[in-house]
Amino acid sequence: MWLKLGRRLGSLIVVMFLVATMVFFLTRLAPGDPAALMLGDQATAEDIARLREVYGLDKPVLVQFILWLKEIATGNLGQSIFLQRPVIQAIAERAEPTFFLALFSVSVAALVGIPAGIASAVWRGRLVDQIVSGLAMLAANVPSFWLGLIFIQLFAVRLGWFPVAGYGEPGAPFMERILHLALPATVLGIVNSALIVRFTRASMLDVLSDDYVRTARSKGLSEARVVLRHAFGNALVPIITVVGLTAALLVGGAIVTETVFGLPGIGNLVVSAVLRRDYPVIQGALIVVAGIYVLINLLIDIIYTFVDPRVRY
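What you see is a predicted model, and the numbers here were worked out from it, not measured in a lab.

Asker: Can you walk me through the overall build of the protein in this structure?
Answerer: For the protein, the count of helices and strands is 14 helices and zero strands. If you list the helices and strands of the protein from N to C, you get α-α-α-α-α-α-α-α-α-α-α-α-α-α. Along the three orthogonal principal directions, the C-alpha set of the protein runs to about 85 × 55 × 35 Å. In the protein, which comprises 313 residues, the share counted as buried stands at 40%. Residue pairs at least 24 apart in sequence account for 73% of intrachain contacts in the protein once pairs closer than 6 positions are excluded. Of the roughly 16900 Å² of accessible surface on the protein, a fraction of 68% belongs to carbon and sulfur atoms. Computed over 25 positive and 20 negative side-chain charges, the separation of the two mean positions in the protein equals 12 Å.

Asker: Looking at this structure, I do not really get the packing of aromatic side chains. What am I missing?
Answerer: This structure, assessed with the given rule, holds eight aromatic pairs. Both rings, one in Phe155 and one in Trp161, keep their centres 5.9 Å apart while their planes meet at 35°; by these two values the pair is tilted. With relative accessibility at 22%, the residue Phe155 sits in the partly exposed group. Clustering of aromatic rings is evident, with ring pairs tying together Phe24, Phe25, Phe65 and Trp68.

Asker: Which parts of the structure should I look at to understand the nonpolar core?
Answerer: Generally speaking, a soluble globular protein has its nonpolar side chains buried in company with each other. Judged by nonpolar contacts, the single largest core of 22 residues is most densely connected at Leu101, Leu147, Leu181, Phe261 and Leu263. When residues of this core are traced back to their parent elements, those giving at least two are α5 (87-122), α7 (144-158), α8 (174-208) and α11 (236-252). Per element, the largest residue contribution to this core is six residues, and it comes from α8. Apart from the residues lying within four places of it in its own chain, the contact partners of Leu181 are Pro97, Phe100, Leu101, Phe104, Tyr167 and Leu263.

Asker: It is not clear to me how the pattern of salt bridges should be interpreted in this structure. Could you clarify?
Answerer: For side chains bearing opposite charge, pairing can occur when the charged atoms are close. A complete count under the given rule lists two salt bridges for this structure. Arg85 serves as the salt-bridge partner of Glu93, at 2.9 Å between the closest nitrogen and oxygen. Take Glu93: its relative accessible area is 43%, and that puts it in the partly exposed class. Among the salt bridges present, the one from Arg201 reaches Asp129, with a minimum N-O distance of 2.9 Å. With Arg201 in helix α8 and Asp129 in helix α6 (residues 127-141), this residue pair connects regions lying 72 residues apart in the sequence. Residue classification places Asp129 among the buried positions, given a relative accessible area of 6%.

Asker: Would you explain the packing of α7 against α8 in this entry?
Answerer: The description of two packed helices rests on the angle between their axes and on the distance between the axes. Running from amino to carboxyl end, α7 crosses α8 at an angle of 140°, the nearest separation of the two axes being 10 Å. The angle between the axes of α7 and α8 places the two elements in the oblique class. In this structure, α7 crosses over α8, and the sense of that crossing is right-handed. Residues Ser144, Leu147, Gly148, Phe151, Ile152, Phe155 and Ala156 of α7 pack against Leu183, Thr186, Val187, Ile190 and Val191 of α8. In terms of residue class, the contact of α7 with α8 is made up of nine nonpolar, three polar and no charged.

Asker: Any chance you could explain the packing of α8 against helix α10 (residues 223-234) here in plain terms?
Answerer: Contact geometry for α8 and α10: axes closest at 8 Å, N-to-C directions at 110°. The angle between α8 and α10 falls in the class roughly perpendicular. Crossing of α8 over α10 shows right-handed handedness. Residue-level inspection shows Met204, Val207 and Leu208 of α8 in contact with α10, the latter providing Val227, Ala231, Phe232 and Asn234. When the residues that make up the contact of α8 with α10 are grouped by side-chain class, the tally is six nonpolar, one polar and no charged.

Asker: Honestly, α6 in this entry has me stumped. Any pointers?
Answerer: Taking 1.5 Å per residue, 15 residues should reach 21 Å; α6 reaches 21 Å between its end C-alpha atoms and fits that length. For α6, the complete set of buried residues consists of Asp129, Val132, Ala136 and Ala139. Around the axis of α6, the buried residues are gathered within 100° of arc, so they sit on the same side. In α6, those exposed residues whose orientation departs by more than 90 degrees from the buried face are Leu127, Gln130, Met137, Leu138 and Asn141. Tucked into the core, α6 has its buried residues touching α5 and α8.

Asker: Is there a simple way to think about the confidence of the model for the protein in this case?
Answerer: Do not read the fine detail of predicted coordinates wherever pLDDT is low. Per-residue confidence for the protein gives a mean pLDDT of 80, with 90% of residues at or over 70. When pLDDT is averaged over each helix and strand of the protein, the minimum, 68, is found for helix α2 (residues 34-39) and the maximum, 88, for α5.

Asker: Sorry if this is basic, but what is going on with the environment of His230 here?
Answerer: The topology assignment puts His230 in helix α10. For the pair His230 and Val122, spaced 108 residues apart in sequence, the C-alpha separation works out to 13 Å. Not counting chain neighbours up to four residues away, the residues in contact with His230 comprise Tyr212, Ala216, Leu221 and Arg225.

Calculation notes
- Residues numbered from 1 in each chain as written.
- Predicted model: local features only at pLDDT ≥ 70, side-chain atom pairs only at ≥ 80, totals over all residues.
- Heavy atoms only, no water.
- Helix = DSSP H or I, 4+ residues; strand = E, 2+ residues; numbered from the N terminus.
- Buried < 20%, exposed > 50% of the residue type's maximum accessible area, 1.4 Å probe, protein only.
- Contact = heavy atoms within 4.5 Å.
- Areas by Shrake-Rupley, 256 points an atom, 1.4 Å probe, with all protein chains shown as cover.
- Lys, Arg positive; Asp, Glu negative; His and termini not counted.
- Charge placed at Lys NZ, Arg CZ, Asp CG, Glu CD.
- Phe/Tyr/Trp six-rings, centres within 6.5 Å; stacked < 30°, edge-to-face > 60°.
- Core = buried A, V, L, I, M, F, W, Y, C linked by side-chain atoms within 4.5 Å.
- Salt bridge = Lys/Arg side-chain N within 4 Å of Asp/Glu carboxyl O.
- Axes fitted to C-alpha atoms, helices over the stretch in contact; angles between N-to-C directions.
- Parallel < 35°, antiparallel > 145°, perpendicular 65-115°, else oblique.
- Left-handed = near helix turned anticlockwise from the far one by under 90°.
- Nonpolar A, V, L, I, M, F, W, Y, C, P; charged D, E, K, R; others polar.
- Expected span 1.5 Å × (residues − 1).
- Arc of directions from axis to C-beta.
- pLDDT = per-residue confidence, 0-100.

Next up, the structure:
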């Protein structure tokens, strides 16, 4: 098992190197000069050249890439061109809204998707199955920004139950900040629950037809015990996979929702950095998101060994 995890960790290092390479060179393909954008239209060519030299933008691209890799190896993601502070600090300042938004969103998605998928599998072909499948298909095709605007209009503007946007004033109590995340987390949770519903349903259908499930029923066990203890326990591996991947995707994929609800998260930071051509922030944020993604995948592999002993061998 440890050998397998070691190989997995080695492959993740290779993946991170490939991600870093793609992020760096794709960022450089974007049109626009950050030095010219920072100085404005009135800047002279000499001023732009001087600023490019300060930030190392005058060096060959390959040299910039090697220097950047050395910085990453030491845990330094560089200095933001526009924010005038370390990229790690800029990301840390925006990490809290994104972290809690992803955590609450995946919780909503799992609490909605797993029971709905189980019910759809148990009552396969019946009205419950048709309703759940129809709602899952609808949720998968509804744009998150459109659903977010509907929720804002209904629950924030008309009913006044939740704040319209933002993340509270600086120093606001934690529960007030959580209240600001209720609507965006619900929106993302509903949209992403569709995939969990489908995976849970498919996984449960696979095990409900197995011999040991029929044997458990023939012993006179209650249907709830058969489904939840015998079937669900053996269907957990693909469900854990889809929940983990949903959590990873939500960390870096909540940009639109953060923009709609005015959340000062990493997504908004990346959007601002792209508009300003702030290369260090773009690269640093994407590397952090990619790192979280691969760590969640590694965590899923570790969880497998506890959920299904067969994975250990």
